[in-house]
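The primary structure of each chain is shown beneath.
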Amino acid sequence: MNDSLEPLTKDFFQQPTLELARSLLGCLLVKETEEGLAAGFIVETEAYKGPHDRAAHSFGNRRTKRTEIMFGQAGLVYTYTMHTHCLINVVSAGINEPEAVLIRALEPFEGIDLMTQRRPVDQRRNLTNGPGKLTKAMGITMEDYGRKFFEPPLFISEGNPPEEIEQGTRIGIQNTGEARHYPWRFWIKGSPYVSR
């Protein structure tokens, strides 16, 4: 492991979901694989507030094989497949409070050649500017489901706190009633790596 990249402690994840979604901005998402290490700064997140949020997989406390990890401790890895893409979330809130934060976009930082091999693109900003793009580039798969973000090989490390954070509605959740209007998407102002 790169000695300068240390996982954040599990205490970092013990904050309310909306606060965690903001706090994750600027942190480094790191994945170690046999091919090497890849890392990127988190530039965009979306919060999902569980049982009372129609856009959350756990709306109404829905407990399935897929959502089971959301009922665990904060800081666990929740991966799921959507339109053949693997997406990655940070489980948040308390035990049996199934909330999570989706990581929507990264700014590539380390292992960029490796990321480009996995996901050839013409411009670097297109490498990880979407939730399905970043998992492919980072080598994150469904096998990462249930890991801990405070332990290698897939972890979140301290990065650079953003100067300014913007906030707006979440993306791609049209059929969720009032939930589609919640301003629970956060991004680093001016980052060219934000998904759209």
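Residues numbered from 1 in each chain as written. Predicted model: local features only at pLDDT ≥ 70, side-chain atom pairs only at ≥ 80, totals over all residues. Heavy atoms only, no water.

Per an unreviewed UniProt entry, the protein chain goes by Putative 3-methyladenine DNA glycosylase and derives from Siminovitchia terrae. UniProt annotates the protein chain under Sequence similarities (unreviewed entry) with the comment "Belongs to the DNA glycosylase MPG family." (UniProt positions renumbered as here; feature names shortened; annotations may be inferred.)

Brief notes about the environment of Glu6
When you line up the elements, Glu6 lands in the segment before helix 1 (17-23). Placed 50 residues apart in sequence, Glu6 and Ala56 show a C-alpha to C-alpha distance of 30 Å. (Helix = DSSP H or I, 4+ residues; strand = E, 2+ residues; numbered from the N terminus.)

Notes on the pairing of strand 8 (residues 185-188)
Taken residue by residue, a regular strand's side chains alternate between the two faces of the sheet. Residues of strand 8 alternate between two faces, with Arg185 and Trp187 on one and Phe186 and Ile188 on the opposite face, all of them buried. As judged from the three bridges shared by strand 2 (residues 36-48) and strand 8, these two strands associate in the antiparallel manner. When the bridges of strand 8 are listed, Glu46 appears paired with Arg185. Sheet topology places strand 7 (residues 165-168) next to strand 8; four bridges connect them, and they run antiparallel. Residue pairing in the sheet places Gly168 in a bridge with Arg185 of strand 8. (Buried < 20%, exposed > 50% of the residue type's maximum accessible area, 1.4 Å probe, protein only. Pairing = 2+ DSSP bridges.)

Description of the packing of aromatic side chains
What the rule picks out here adds up to seven aromatic pairs. Judged by centre distance (5.3 Å) and plane angle (35°), the ring pair of Tyr78 and Tyr80 falls under tilted. Pair check on accessibility: Tyr78 and Tyr80 agree, each one buried. Ring pairing ties together the aromatic residues Phe12, Phe13, Phe149 and Phe150, which thus form one cluster. A cation over a ring is seen here: Arg63 above Phe71, with NZ or CZ 4.2 Å from the ring centre. Sitting over the face of the ring of Trp187, Arg185 holds its NZ or CZ atom 4.2 Å from the ring centroid. (Phe/Tyr/Trp six-rings, centres within 6.5 Å; stacked < 30°, edge-to-face > 60°. Lys NZ or Arg CZ within 6 Å of the ring centre and 35° of its normal.)

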